[in-house]
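Spelled out, the chains give:
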Amino acid sequence: DAMVIQNPRYQVTQFGKPVTLSCSQTLNHNVMYWYQQKSSQAPKLLFHYYDKDFNNEADTPDNFQSRRPNTSFCFLDIRSPGLGDAAMYLCATSLIAGETQYFGPGTRLLVL
Amino acid sequence: SQQGEEDPQALSIQEGENATMNCSYKTSINNLQWYRQNSGRGLVHLILIRSNEREKHSGRLRVTLDTSKKSSSLLITASRAADTASYFCATETNFGNEKLTFGTGTRLTIIP
């Protein structure tokens, strides 16, 4: 089945230790998104790619970076995680920007 | 920001009853979407309604859109225990910025 896959499902890291979260898709969608979601809050868009074009949200901290080496994969790098970065990180794709998004199961990040 | 606000924040009903949740937004939109999120999981797309549409149905779901009031409602009929989840509305503005802005969500609990 076509889907969006996120690895790992749970990630524990230490304060200040770089971490990378990965997302892959078999939907062949043009657009990929990364969201941060804290407990009982709405998902907050960090950035998105339209093909190779990178679009950063104005309020996304510099600590967060992203890479999309090909259509199928997208990575979220947190260079120096702080305690406030503990959250669920959701990857999503869409065929047409602004239309239906397909989400992965998320990666829950814990920062010690 | 264009964030939607949902009402109520939490709703508990008996199984078999209908559940209605509302979403209000601030600026003109291209479309409005509803998503469901089970605890600790990714979001699942339910319905997309475009700005020129007033009502859409999908199974037990009915969505209405009133662009004059900048509001939408999601009705779930004959609720089931499996409908227990958080429900989010998301809007795409008509500025063609390729992204969705999510509302604050309604936590729905179905009591067996």
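Everything that follows concerns the structure shown earlier in this document.
A brief report on the enclosed structure follows. (Residues numbered from 1 in each chain as written. Chains lettered and ligands numbered in written order. Predicted model: local features only at pLDDT ≥ 70, side-chain atom pairs only at ≥ 80, totals over all residues. Heavy atoms only, no water.)

## Observations concerning the overall build of chain A
Step number 1: Looking only at helices and strands, chain A has zero helices and 11 strands in total.
Step number 2: Starting at the N terminus and ending at the C terminus, chain A contains elements arranged as β-β-β-β-β-β-β-β-β-β-β.
Step number 3: Expected size for 112 residues packed as a compact globule is a radius of gyration near 13 Å; at 13 Å, chain A falls within 12% of this value.
Step number 4: Principal axes of the C-alpha set define a box for chain A whose edges measure 35 × 30 × 30 Å.
Step number 5: Here chain A, with 112 residues, has 52% of them falling under the buried criterion.
Step number 6: A separation of at least 24 residues holds for 55% of the contacts in chain A among residues at least 6 apart in sequence.
Step number 7: Counting every atom, chain A has about 5,400 Å² of accessible surface; 51% of that belongs to carbon and sulfur. (Helix = DSSP H or I, 4+ residues; strand = E, 2+ residues; numbered from the N terminus. Rg over C-alpha atoms; globule rule 2.2 N^0.38 Å. Buried < 20%, exposed > 50% of the residue type's maximum accessible area, 1.4 Å probe, protein only. Contact = heavy atoms within 4.5 Å. Areas by Shrake-Rupley, 256 points an atom, 1.4 Å probe, with all protein chains shown as cover.)

## Points about the sheet that holds strand β8 (residues 71-76) of chain B
All names here are of chain B.
Step number 1: Judged by pairing direction, the sheet is antiparallel, and its five strands sit side by side in the order β1-β3-β8-β7-β6 without closing on themselves. With partners counted over all chains shown, the strands left at the sheet margins are β1 (5-7) and β6 (55-58), one partner each. Strand-to-strand twist in this sheet, taken as the mean axis angle between neighbours without regard to direction, amounts to 15°.
Step number 2: Where β1 lies against strand β3 (residues 19-24), three bridges are found, and the strand directions are antiparallel. What sits directly across from Glu5, in β3, is Ser24. (Pairing = 2+ DSSP bridges. Axes fitted to C-alpha atoms, helices over the stretch in contact; angles between N-to-C directions.)

## Digging into the nonpolar core
Step number 1: Within the largest apolar cluster, 21 residues are counted, with the highest numbers of intra-cluster contacts made by Met21, Leu32, Trp34, Leu74, Ile76, Tyr87 and Leu108 of chain B.
Step number 2: Sequence-distant contacts of Ile76 of chain B, that is, excluding residues within four places in its chain, are made with Glu17, Asn18, Ala19, Met21, Arg60, Leu61, Asp83, Tyr87 and Leu108 of chain B.
Step number 3: With 18 residues, the next largest nonpolar core counts Cys74, Tyr89, Leu109 and Val111 of chain A among its residues. (Core = buried A, V, L, I, M, F, W, Y, C linked by side-chain atoms within 4.5 Å.)

## A closer look at the interface of chain B and chain A
For an interface, size is often stated in terms of accessible area lost upon the parts coming together.
Step number 1: Chain B puts 21 residues into the contact, and the matching count from chain A is 23 residues.
Step number 2: Between Glu99 of chain A and Arg50 of chain B there is a salt bridge, with the nearest N and O atoms lying 2.8 Å from each other.
Step number 3: Linking chain B with chain A are nine residue pairs in polar contact (both at pLDDT 80 or more).
Step number 4: For the side of chain B that touches chain A, the residue count by class is six nonpolar, 10 polar and five charged. (Salt bridge = Lys/Arg side-chain N within 4 Å of Asp/Glu carboxyl O. Polar contact = N/O pair within 3.5 Å; in protein donor to acceptor, adjacent residues only side chain to side chain. Nonpolar A, V, L, I, M, F, W, Y, C, P; charged D, E, K, R; others polar.)

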